[in-house]
Protein chains: 2
Amino acid sequence: MTKIDQRIESMLEEVLSDAALKGAPPRLVEALRYAVFPGGARVRPRLSMAVAMACGGDELDVAAGAAAAIELLHCASLVHDDLPCFDNAELRRGKPSVHMAYGDALALLTGDGLIIRAYQVLATACQSRPDRLAGLLAVISNGVGVPGGIVAGQAWECESDVPLAEYQRAKTGALFAAATMAGAAASGADPEPWRKLGETIGRAYQYADDILDSSGDPMVIGKPVGNDAALDRPSMVREMGQRESAEQLRQLVREAADYIPACPGEMALKKLIEAESDHFMQLALNCRAAA
Amino acid sequence: MTKIDQRIESMLEEVLSDAALKGAPPRLVEALRYAVFPGGARVRPRLSMAVAMACGGDELDVAAGAAAAIELLHCASLVHDDLPCFDNAELRRGKPSVHMAYGDALALLTGDGLIIRAYQVLATACQSRPDRLAGLLAVISNGVGVPGGIVAGQAWECESDVPLAEYQRAKTGALFAAATMAGAAASGADPEPWRKLGETIGRAYQYADDILDSSGDPMVIGKPVGNDAALDRPSMVREMGQRESAEQLRQLVREAADYIPACPGEMALKKLIEAESDHFMQLALNCRAAA
């Protein structure tokens, strides 16, 4: 585990510690932690921190708070998305999903509680730089809210006519864009030039996820596969087939690094993004080969 | 409709306008508005604005933003609380509840979207006074989140052992406390002395609500009655009977005005709170008499 990984984990642990949650209903406290620990790859907060450092950020506490907020919002979306009225997914990160373990009511509240907690950690982290709070709040909210964030993305699934690109940008791309933009904003840089990088990584991630869903091994990825087809969900693989999806994924991964704006840590960030991309591209392509 | 009422409504309309939600899934946009308009009594935002004015607030835009955020969070909690996994309530404010009109999935997303929107409106309203954002965010989040806000209050319903006072303070009192405290914070006053007033009004409101639930007319109050008993919910009426609950309600209404801290508009606020309290006390006691 790198120092950055440790920083993210310890920030998340602090936010959901006994001290922070003192007096809360005990099962809710358990469910909140169950939804966040042990984590997945923490891709979004690590990306956000990497951008903050590449921007020469002197305020890594602010960046860590923003990264933790993004991860809490991501976890909240997974908990709600797994509920019976959406994906009805029984498994997440290799264990029963929150509603399977704690029931639908507590799962719903766990998601709500994590969303609110995300804003609390953001405000607390900005105590040393209150001038950065409003910008971070806006950038992160755009990634999760309405009109173009995760909530909108999930709501496209309730429409009869779904614009695939908008759906996927909202459901996946928006929070990746929030991650890169928040990293920049936490360091006092202009977030806007960082949008394209996040969106491109998000698109690549979406291709990888669709390929995994269509041909992955549930034991490896820790959640059920075949969901998109079973739930008649829009999916790149369903749209253009596995071969073309894999080609697009390769293309996006090559492109992504070109979208890194000029910044003090440009080269290091480029290397890191290439290494990360390679990792999930290999995972997806191995699954495709095995299918 | 007073000028304050108009200000709250127009702020809510702006937040959920076509312009603000451009590009979002159309049914989600409909559901978001359906959840907020036409409103109930808007008790919490009006209380918050009244406190802001009593504190001599010169920044009523900030106060209006905080008030709108509080109302959006309140509406979100109603939408989620009405879902089948909680109260399974078919009626709200005299019309089908959001999940009855739009389905469970969109109702869940509507609640999530309203929570995020609340933070967005707060940040936007604080553009003229960025120094007030962090304080308002903290005060309002305490009213809705974990450990002591609405989410915690609803989660107590999932525990076998429920401390009644804590449950009701979290489920109702906390957002009333947030309303009075946010009004003060929006005006640059110390919010802490305003907690007790909000909590006391919240307790009175809870007694009135329990009395209405046990003996009200669903056509008058716009939602089903008898829920507490049917769902085995903790309730003041079930705990101490109708007569004692009514006595407690009278007592709290008398007390509330005494908790107004010294401030420029103290007398006007006192009158306003007494008039409002009389209104809902009469409503509850008439129902009790009719039962």
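Everything quoted here is computed from the prediction, not taken from an experiment.

**Regarding the relation of the copies chain B and chain A**
Argument step 1. Structural alignment of chain B on chain A gives an RMSD of 0.0 Å, achieved by rotating through 180 degrees and translating 0.0 Å along the axis. What the rotation and shift describe, once combined, is the action of a two-fold rotation axis. Scanning chain B for the C-alpha nearest the rotation axis identifies Asp112(B), at a separation of 3.5 Å.
Argument step 2. When the interface residues of chain B are mapped onto chain A, 100% of them again fall at the interface, so both copies present the same face.

**Brief notes about helix α4 (residues 60-81) of chain A**
Argument step 1. In a regular helix each residue adds 1.5 Å, so 22 residues correspond to 32 Å; α4(A) covers 31 Å between its end C-alpha atoms and thus fits that length.
Argument step 2. Buried residues dominate α4(A), accounting for 20 of its 22 residues.

**Here's the deal with the interface of chain B and chain A**
Argument step 1. Listed by partner, the interface residues are 47 residues for chain B and 47 residues for chain A.
Argument step 2. The set of elements that each furnish at least two residues to the side of chain B that touches chain A consists of α2 (26-36), α6 (104-125), α7 (133-144) and α8 (150-156) of chain B.

**Focus: the nonpolar core**
A general trend in soluble globular proteins is that nonpolar side chains are found buried together.
Argument step 1. Of all hydrophobic cores here, the largest spans 209 residues; its most connected members are Ala66(A), Leu122(A), Ala66(B) and Leu122(B).
Argument step 2. Once residues within four sequence positions are removed from consideration, Ala66(B) is found in contact with Ser48(B), Leu122(B), Ala125(B), Leu136(B), Ile140(B), Ala182(B) and Ala186(B).

**What about the confidence of the model for chain A?**
Argument step 1. With 97% of its residues at a pLDDT of 70 or more, chain A has an overall mean of 91.
Argument step 2. With pTM at 0.95, the complex prediction returns an ipTM value of 0.94.

**Considerations on the environment of Ala76(A)**
Argument step 1. For Ala76(A), the location among the structural elements is in helix α4.
Argument step 2. Separated by 136 residues in the primary sequence, Ala76(A) and Leu212(A) have C-alpha atoms spaced 22 Å apart.

**Re the environment of Asn286(B)**
Residues and elements named next belong to chain B.
Argument step 1. Tracing the backbone through its elements, the reader meets Asn-286 in helix α14 (residues 266-290).
Argument step 2. For Asn-286, a count of 16 C-beta atoms within 10 Å corresponds to the partly exposed category.
Argument step 3. Separated by 71 residues in the primary sequence, Asn-286 and Ser-215 place their C-alpha atoms 9.6 Å from one another.

**Observations concerning unusual backbone geometry**
Argument step 1. Geometrically, the link from Phe37(A) to Pro38(A) is a cis peptide bond, its omega value of -15 degrees lying close to zero.
Argument step 2. On the secondary structure map, Pro38(A) appears in the loop between α2 (26-36) and α3 (43-54).
Argument step 3. Geometrically, the link from Val146(B) to Pro147(B) is a cis peptide bond, its omega value of 15 degrees lying close to zero.
Argument step 4. Positive phi values are uncommon outside glycine, yet Arg42(B) reaches one of about 50 degrees.
Argument step 5. Structurally, Arg42(B) is set in the loop between α2 and α3 (43-54).
Argument step 6. Positive phi is not limited to glycine here, since Arg93(B) has a value of about 50 degrees.

Here is what the cut-offs are and how they apply
- Residues numbered from 1 in each chain as written.
- Chains lettered and ligands numbered in written order.
- Predicted model: local features only at pLDDT ≥ 70, side-chain atom pairs only at ≥ 80, totals over all residues.
- Least-squares fit on C-alpha atoms with pLDDT ≥ 70 in both.
- Contact = placed C-beta atoms within 7 Å.
- Helix = DSSP H or I, 4+ residues; strand = E, 2+ residues; numbered from the N terminus.
- Expected span 1.5 Å × (residues − 1).
- Buried ≥ 20, exposed ≤ 12 C-beta atoms within 10 Å, placed from the backbone.
- Core = buried A, V, L, I, M, F, W, Y, C linked by C-beta atoms within 7 Å.
- pLDDT = per-residue confidence, 0-100.

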